[in-house]
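Survey of secondary and tertiary structure
Next come the chains, spelled out residue by residue.
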Amino acid sequence: MTKLTTFNASDNHVQNRLHLNETNSDKLQVLDSLFLDEFKKISTYPDPSNAELINTLAEFYHVPKDMLILGNGVDEIVLLMCLTFLKGGKSSLIAEQTFPGYETSTIVVGGKNIKVPLVNLKCNLERFKDGINDDVAVAFLCNPHNPTGSLMRINEVEQFIEVMNQNNIIPIIDEAYIQFADEQKHSVLQKIANGANAIVLRTFSKAYGLAGLRVGFAMGPKALIDLVAQSALALPFRVNRFAQRLAGEVLSLGTLEKTVQEVNGLMAQLTAQLSQNNIEFVPSSTNFMCFKPHHGTEQLMARANHLGTQVRDCTAFGLSGWIRASICSQQDLHNLLNLLSIVPVEAKDEELLQTCE
Ligand SMILES: Cc1ncc(COP(=O)(O)O)c(C=O)c1O
């Protein structure tokens, strides 16, 4: 059997976590009271119809309620999609180097993966076309792309949907990081709400800072969502009551804009530092960067281990020689630059001043 990807997400390491593309929850303290309020009902099962959160999402995104389904993270939704659409051992079409959840879910439901190469570390429509055959039932496109951070332009994503539709393949667009890339400009969510035949996946784990809550959603044509909901009947209480209560609140808190602005500012600083130090990297539309350290990944991972900074060796994604690291605070940026032995120019100036004093 294919060896499935595993990783360390242990809570023993709550500091210096640059390896799972999380953000922080500093701005979410106001939700404490709601959390405690919900705790009073902890002895009772959560609402299996997820009615309140579905209503909030439908209003927020201006989509009909019956086009939405929630999940215990997008991870679970991907599994439900595979359970539903790959019956009888059908195939899913994925990029060779991509978010590992698509491959894992496909394999555990008894399906097959057809993998197509990236071109210049970006998803490429022509390569996806090459992978199409009669056995393919779904095509997963991660946009912006994990682990490279690259973005496929909206017109190309629309073409991707069109091509898959022509071949009776369900296009599933995973927009886990879309908020960092300018949602209004690059998302297909509204196009699907207006009738495009595809499914979009969204999570609260990244830009919204709620990875520990485990909640995400899929939006797509009612007929497809109904089929997925049938599979989901096996797990009636998948979305816990804290997730159902808090995820809707976070949409209207106004914290997203601040987080995205901060992260994008930090990513711009990181981009400049990598360029100045001639470190090869993929321009990123996300909260993480994929780069090629000068002395190889083995040496960098050993140093990361020594410093207690967690980053991801992309060999696990099939990208040997590359490292992925996310940042969401000045401290993260500092830790990453320190890992790369980069002393930012301003810091160098300060050090010089101090030695002259
Ligand atoms: C592209 C992509 N999709 C989905 C997920 C999983 O999201 P969730 O936390 O909602 O399960 C991740 C998590 O890293 C991801 O990178």
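Residues numbered from 1 in each chain as written. Predicted model: local features only at pLDDT ≥ 70, side-chain atom pairs only at ≥ 80, totals over all residues.

As recorded in an unreviewed UniProt entry, the protein goes by the name histidinol-phosphate transaminase, listed as coming from Pseudoalteromonas aliena. UniProt, in the comment section headed Catalytic activity (unreviewed entry), describes the protein in these words: "L-histidinol phosphate + 2-oxoglutarate = 3-(imidazol-4-yl)-2-oxopropyl phosphate + L-glutamate". In its Pathway (unreviewed entry) section, the UniProt record describing the protein reads: "Amino-acid biosynthesis; L-histidine biosynthesis; L-histidine from 5-phospho-alpha-D-ribose 1-diphosphate: step 7/9." (UniProt positions renumbered as here; feature names shortened; annotations may be inferred.)

**Focus on the overall build of the protein**
Counting its regular elements, the protein contains 14 helices and eleven strands. Here the protein has a C-alpha radius of gyration of 21 Å; the compact-globule value for 357 residues is 21 Å, and the two agree. Excluding contacts between residues fewer than 6 apart, the proportion of contacts in the protein whose partners are at least 24 apart in sequence is 71%. (Helix = DSSP H or I, 4+ residues; strand = E, 2+ residues; numbered from the N terminus. Rg over C-alpha atoms; globule rule 2.2 N^0.38 Å. Contact = placed C-beta atoms within 7 Å.)

**Section: unusual backbone geometry**
Going from N143 to P144, the amide bond is cis rather than trans, its omega being -5°. Counting through the fold element by element, P144 comes out in the loop between β4 (136–142) and α6 (154–166). A cis amide bond, omega 20°, links N146 with the succeeding residue P147. Locating P147 in the fold gives a position in the loop between β4 and α6. Of note, N50 is a non-glycine position whose phi angle comes to about 50°, a positive value.

**Focus: the site of the ligand**
Near the ligand there are 14 residues, and of these G73, V74, D75, T203 and S205 occur at the shortest range. At three residues, helix α3 (residues 73–85) tops the list of elements feeding residues into the shell around the ligand. When the residues that make up the shell around the ligand are grouped by side-chain class, the tally is five nonpolar, seven polar and two charged. (Near = placed C-beta within 6 Å. Nonpolar A, V, L, I, M, F, W, Y, C, P; charged D, E, K, R; others polar.)

**What about the packing of helix α11 (residues 255–276) against helix α13 (residues 330–339)?**
At a minimum axis separation of 10 Å, α11 and α13 run at an interaxial angle of 15°. When the axes of α11 and α13 are compared, the pair comes out roughly parallel. In this structure, α11 meets α13 at a crossing whose hand is right-handed. Listed contacts from α13 to L266, Q269, L270 and Q273 of α11 are Q330, L333, L336 and L337. Residues that form the contact of α11 with α13 fall into these classes: five nonpolar, three polar and no charged. (Axes fitted to C-alpha atoms, helices over the stretch in contact; angles between N-to-C directions. Parallel < 35°, antiparallel > 145°, perpendicular 65-115°, else oblique. Left-handed = near helix turned anticlockwise from the far one by under 90°.)

**A closer look at the nonpolar core**
Membership of the largest hydrophobic core comes to 98 residues, with the highest contact counts inside it found for V138, A139, I170, I172, V200 and A247. Counting residues per element, this core draws most heavily on α3, which supplies eight residues. When residues are assigned to domains, this core turns out to be shared by domain 1 (16–24 + 255–340) and domain 2 (37–253), each giving three or more. In this structure V138 touches M81, F85, L86, S92, I169, I170 and I172, once residues within four positions along its chain are discounted. (Core = buried A, V, L, I, M, F, W, Y, C linked by C-beta atoms within 7 Å. Buried ≥ 20, exposed ≤ 12 C-beta atoms within 10 Å, placed from the backbone. Domains from an automatic or database assignment.)

**Quick look at the sheet that holds strand β10 (residues 312–313)**
A sheet is described by the order of its strands in space; here four strands give the open sequence β8-β9-β11-β10, paired in antiparallel fashion. Two strands lie at the open edges of the sheet, namely β8 (280–282) and β10, each paired on one side alone. For β10 and strand β11 (residues 323–326), the ladder comprises two bridges, and the chain directions are antiparallel. In the strand pairing of β11, R312 is matched with R324. (Pairing = 2+ DSSP bridges.)

**Quick notes on the domain arrangement of the protein**
Domain parsing of the protein yields domain 1 (16–24 + 255–340) and domain 2 (37–253). If you average the C-alpha positions of domain 1 and of domain 2, the two centres end up 25 Å apart. At the junction of the two partners, domain 1 supplies 23 residues and domain 2 supplies 21 residues. Secondary-structure elements contributing two or more residues to the side of domain 1 that touches domain 2 are α11 and β9 (288–292). Broken down by element, the side of domain 1 that touches domain 2 gets its largest block of residues, six residues, from α11. Along the lines of polarity and charge, the residues of the side of domain 1 that touches domain 2 split into ten nonpolar, eleven polar and two charged.

**Considering helix α9 (residues 222–232)**
Buried within α9 we find L224, I225 and A232. Projected onto a plane normal to the axis of α9, the buried residues spread over an arc of 95° and lie on a single side. In α9, those exposed residues whose orientation departs by more than 90 degrees from the buried face are A223 and Q230. On its buried face, α9 sits against β1 (68–71), α3, β5 (170–174), β6 (199–203) and β7 (216–219). (Arc of directions from axis to C-beta.)

**Considerations on the sheet that holds β4**
Spatially, seven strands are ordered β1-β7-β6-β5-β4-β2-β3 in an open sheet, and the strand pairing comes out mixed. Of all the strands in the sheet, just β1 and β3 (112–116) have a single pairing partner and so form its edges. Sheet twist, expressed as the average angle between the axes of neighbouring strands with direction ignored, equals 25°. One ladder, built from three bridges, connects strand β2 (residues 91–95) with β4; its direction is parallel. Of the residues in β4, the one forming a bridge with S91 is V136. Together, β1, β2, β4, β5, β6 and β7 form the strand contacts of α3, whose direction differs from that of β1 by roughly 120°. Sitting on the sheet, helix α4 (residues 101–108) is in contact with β2, β3 and β4, with an inclination near 165° to β2.

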